[in-house]
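# Working through the structure, step by step
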Amino acid sequence: MKNTTHSRPRLAACAGAGLALLLLAGCGALPDKPARATLYDFGPGLAASAAAAANPPAAALPTLALAEIESNTRLDGTQILYRLGYADANELRPYGQSRWSLPPAQLLRQRLRDALSERRTVLGPEESATIARAEGKVPDTLRISLDEFSHYFDSASSSVGLVRLRATLIRGTTGGDRVLGQRTFTVRRPAPSADAPGGVKALAAATDAAVAEVVQWVDQQPRQ
């Protein structure tokens, strides 16, 4: 009869070594951690503020209430979107590893409020309601609808940041709200590269240009 007493430890040792090799092989096959998305915004926006400080306005304009900006549901998230106009302009596509730090409507509202505040007091909806209750005076309200905000490709080698928004200026009266004016603004700015960073730069430039146009338009409307 064969002696199995000494063979069993050898079998156990071999099995243990095999298991260890399998575990090592398995660890080597594990996927890398998913890459963290790069976050973008419109930048610090210091140039306009510095220019305003160096050249203060001659007179302040009336107080204005700035409503929360409305947008379609596709723009409610933080994805950076692009369109291939030369292939299918109706399809919005997201960049995979790039995101806005906030939804575009919120980034736009911050930029617009900063620009408007250079020459007037700008209130939010709740602040405006508080003043209306306390003083019986309602400031004009600016409403913005953000309709398009995408990196738009005219061709594989040519693209722009495309921003389209609709501005409505409303005056509250005892007889109800009255529309003082309404206008649609469409701005395109060239992208320096055909990728997410290029689209971000183009959209930031287009946003600043659109904000400047909106501010000029609001300043030209009839005052209270």
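Note that the coordinates shown come from a computational prediction; the quantities given were computed from them, not determined experimentally. (Residues numbered from 1 in each chain as written. Predicted model: local features only at pLDDT ≥ 70, side-chain atom pairs only at ≥ 80, totals over all residues. Heavy atoms only, no water.)

Attention shifts here to the overall build of the protein. Looking only at helices and strands, the protein has five helices and nine strands in total. Along the protein, helices and strands appear, N-terminal first, in the series α-β-α-β-β-β-β-α-β-α-β-β-β-α. Within the protein, buried positions represent 36% of all 224 residues. Of the accessible surface of the protein, which amounts to about 13400 Å², a share of 54% is contributed by carbon and sulfur atoms. (Helix = DSSP H or I, 4+ residues; strand = E, 2+ residues; numbered from the N terminus. Buried < 20%, exposed > 50% of the residue type's maximum accessible area, 1.4 Å probe, protein only. Areas by Shrake-Rupley, 256 points an atom, 1.4 Å probe, with all protein chains shown as cover.)

Position of G43 among the secondary structure elements: in the loop between strand 1 (38–40) and helix 2 (46–54). Each C-alpha atom, one on G43 and one on A204, is 8.0 Å from the other, the two residues being 161 residues apart in sequence.

This part covers the nonpolar core. Core analysis: the largest hydrophobic core is formed by 44 residues, its most contacted members being W100, L112, L142, I144 and L165. In terms of residue count, helix 5 (residues 196–219) provides more of this core than any other element does, 12 residues in total. Not counting the four nearest positions on each side in its chain, W100 is found in contact with L39, Y40, D41, F42, T78, Q79, I80, L107, F149, V200 and L203. (Core = buried A, V, L, I, M, F, W, Y, C linked by side-chain atoms within 4.5 Å. Contact = heavy atoms within 4.5 Å.)

Now for the pattern of salt bridges. In the structure shown here, the tally under the stated rule is nine salt bridges. Across the pair R119 and D219 runs a salt bridge, and its minimum N-O distance is 3.7 Å. Of the two residues, R119 is situated in the loop between helix 3 (104–116) and strand 6 (122–123) and D219 in helix 5; the sequence distance between them amounts to 100 residues. Accessibility expressed as a relative area gives 36% for R119, which makes it partly exposed. Among the salt bridges present, the one from R171 reaches D140, with a minimum N-O distance of 2.9 Å. Pair noted here: R171 is in strand 8 (residues 158–173) and D140 is in strand 7 (residues 140–155), with a separation of 31 residues, a long-range link. Neither R171 nor D140 differs from the other in exposure class; each is buried. Put simply, R119, R120 and D219 are held in one network by salt bridges that share partners. (Salt bridge = Lys/Arg side-chain N within 4 Å of Asp/Glu carboxyl O.)

Spanning 13 residues, helix 3 covers 18 Å between terminal C-alpha atoms, matching the ideal 18 Å at 1.5 Å per step. Three or more residues of helix 3 are buried, namely P104, A105, L107, L108, R109, R111, L112, A115 and L116. (Expected span 1.5 Å × (residues − 1).)

Enumeration over the complete set of coordinates arrives at six aromatic pairs. Where F42 meets F149, the ring centres are 6.1 Å apart and the plane angle is 45°; that geometry is what we call tilted. Taken together, the residues F42 in the loop between strand 1 and helix 2 and F149 in strand 7 connect sequence positions 107 residues apart. F149 carries the same exposure label as F42, and that label is buried. Seen from their ring centres, F185 and W217 are 6.1 Å apart, and the 75° between their planes marks the pair as edge-to-face. Of this pair, F185 sits in strand 9 (residues 176–190) while W217 is found in helix 5, placing the two residues 32 residues apart along the sequence. Taken together through their ring pairs, the aromatic side chains of F42, W100 and F149 make up a single cluster. (Phe/Tyr/Trp six-rings, centres within 6.5 Å; stacked < 30°, edge-to-face > 60°.)

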